[in-house]
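The residues making up each chain are set out below.
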Amino acid sequence: MLTFQDYYEREIQPQIAAIDIFLKSEEPPYDTDIVGELLDIPPSEWQQMLQEEKISFITRGIFFQLMKRGSSPLCGMFRRAAELYLPEAYTPEVIAYIFDLPIAAVRKAAKEVGKKTFTDAMLPLVFSKISLAETRYLF
């Protein structure tokens, strides 16, 4: 059975790592095409976003503003986490909201783990209890 943890490890973590390396190794202004690719935003959406915001160059701050607006799964997760001020502890409800997972699946996973709140380090354990078939995510 594929789990949300499998999806997260294969799709989200490499994207986070690539963004981290990019931000640590590149100097602003950042290449707009590269940023759009890193954020996995479709080119037509990316160009529309840049036009609407009247953006001709991307600084670090603008990078994160654009990340909050993007439609990719990572952008959505980042936006929802930022709305909650990047929590240090997660309830099943917070996990479901940030990661766009069905609340029933997260509650069931939390019950299997035997905890009511979770740290960042504990999220993989919860994710490993959620069948990918129960989510909206695909490989």
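Here the structure is shown first, and the text comes after it.
Residues numbered from 1 in each chain as written. Predicted model: local features only at pLDDT ≥ 70, side-chain atom pairs only at ≥ 80, totals over all residues. Heavy atoms only, no water.

## Overview of the layout of surface pockets
If a probe as big as a water molecule is rolled over the atoms, it shows which places are left empty.
Stage number 1. In this structure, the largest pocket encloses a volume near 530 Å³.
Stage number 2. The dominant element in the lining of the largest pocket, judged by the number of residues it contributes, is helix α1 (residues 4-25), at eight residues.
Stage number 3. Looking at the lining of the largest pocket residue by residue, the classes come out as 19 nonpolar, two polar and two charged. (1 Å grid on protein atoms, 1.4 Å probe; cavity = no way out; pocket = protein on both sides within 12 Å on 5 of 7 lines; lining within 4 Å. Points joined across faces, edges and corners; volume = space filled by probe spheres on them. Helix = DSSP H or I, 4+ residues; strand = E, 2+ residues; numbered from the N terminus. Nonpolar A, V, L, I, M, F, W, Y, C, P; charged D, E, K, R; others polar.)

## What about the side chain of S131?
Stage number 1. With respect to the helices and strands, the residue S131 is situated in the segment after α8 (123-127).
Stage number 2. In this structure, S131 is in contact with M1, L2, T3 and F4, ignoring residues within four places of it in sequence. (Contact = heavy atoms within 4.5 Å.)

## Observations regarding the side chain of T135
Stage number 1. In this structure, T135 sits in the segment after α8.
Stage number 2. Using a relative accessible area of 14% as the deciding quantity, one classes T135 as buried.
Stage number 3. At 2.8 Å, the side chain of T135 and the backbone oxygen of L132 are in polar contact. (Buried < 20%, exposed > 50% of the residue type's maximum accessible area, 1.4 Å probe, protein only. Polar contact = N/O pair within 3.5 Å; in protein donor to acceptor, adjacent residues only side chain to side chain.)

## Focus: the nonpolar core
Stage number 1. In this structure, F4, F63, I95 and F99 are the most contacted members of the largest nonpolar core, which totals 42 residues.
Stage number 2. Looking at this core, the elements with two or more residues in it are α1, α2 (32-38), α3 (43-52), α4 (60-69), α5 (73-83), α6 (92-99), α7 (103-113) and α8.
Stage number 3. Element by element, the count of residues in this core is highest for α1, at seven residues. (Core = buried A, V, L, I, M, F, W, Y, C linked by side-chain atoms within 4.5 Å.)

## Some words on the packing of α1 against α4
Stage number 1. α4 packs onto α1 with a crossing angle of 160° between their chain directions and a minimal axis gap of 12 Å. For the element pair α1 / α4, the angle class is roughly antiparallel. The hand of the α1/α4 crossing is right-handed. Packed against α1, whose contacting residues are I19, F22 and L23, the element α4 presents R60, F63, F64 and M67 at the interface.
Stage number 2. Taken together, the residues of the contact of α1 with α4 sort by class into six nonpolar, no polar and one charged. (Axes fitted to C-alpha atoms, helices over the stretch in contact; angles between N-to-C directions. Parallel < 35°, antiparallel > 145°, perpendicular 65-115°, else oblique. Left-handed = near helix turned anticlockwise from the far one by under 90°.)

These figures come from the coordinates and say nothing about function on their own.
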